[in-house]
Amino acid sequence: MARSIEMERDIPVGYGVVFYFKPFSYAEFKECESTAHRLSRQNLSMAAQMAVETIDDEDTPDQVEDEIRGRFHSALLTILITRFGLRWEGVEREPAGDADPEVSIPAPFEQGYIDNFLTQYPGVSNVLSGRLLLPFRMVEQEGNASAPSPSTASAEA
């Protein structure tokens, strides 16, 4: 498997859509992860906030942990797309006004369009997240975030 951290990446997510990302380091990934953890605990439901504030972490109810985990994954993907996403292909927007409906207009790579797409096709989030984060998970398994290891699964192919 090619080491994908240090190069621009294109990630096909299905439906003819491809996301393009600029390279980012393991340290930048961990910074985004930290921000996502912080954001995932903000704006929780009242019941979840009460549980977080009044119950020890090891006794937090499963539904609260699920809410936090879901918010974390969503926030992490949004942060990574916002900071490191370059463009996408295969997403079209509705023609404006009296424009010819037969002419396809590429959707701009903007947060609103991205959010709409990910909401409309929820499975894409899992595919995109999995493929985007795979090299970083492999680096974590190796235990060395700074250099490629020639004898492991993430070595250059």
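Residues numbered from 1 in each chain as written. Predicted model: local features only at pLDDT ≥ 70, side-chain atom pairs only at ≥ 80, totals over all residues. Heavy atoms only, no water.

J.: Residue-level account of the packing of aromatic side chains, with values.
T.: One pass over the full model with this rule turns up 13 aromatic pairs. Judged by centre distance (4.4 Å) and plane angle (40°), the rings of Tyr15 and Tyr121 are tilted. Taken as a pair, Tyr15 in the loop between β1 (9–14) and β2 (17–21) and Tyr121 in the loop between α4 (111–120) and α5 (122–142) lie far apart in primary sequence, 106 residues in all. Tyr121 sits in the partly exposed class, given a relative accessible area of 27%. Relative to Phe136, the ring of Phe29 lies with its centre 4.8 Å away and its plane at 25°, an arrangement referred to as stacked. Of this pair, Phe29 sits in helix α1 (residues 26–40) while Phe136 sits in helix α5, and the two are 107 residues apart along the sequence. For the residue pair Phe29 and Phe136, the accessibility class agrees, reading buried in each case. Taken together, the ring pairs in this structure connect Tyr15, Phe19, Phe21, Trp88, Phe109, Phe117 and Tyr121 into an aromatic cluster. In this structure, Arg87 packs its charged tip against the face of Tyr20, placed 4.1 Å from the ring centre. (Phe/Tyr/Trp six-rings, centres within 6.5 Å; stacked < 30°, edge-to-face > 60°. Helix = DSSP H or I, 4+ residues; strand = E, 2+ residues; numbered from the N terminus. Buried < 20%, exposed > 50% of the residue type's maximum accessible area, 1.4 Å probe, protein only. Lys NZ or Arg CZ within 6 Å of the ring centre and 35° of its normal.)

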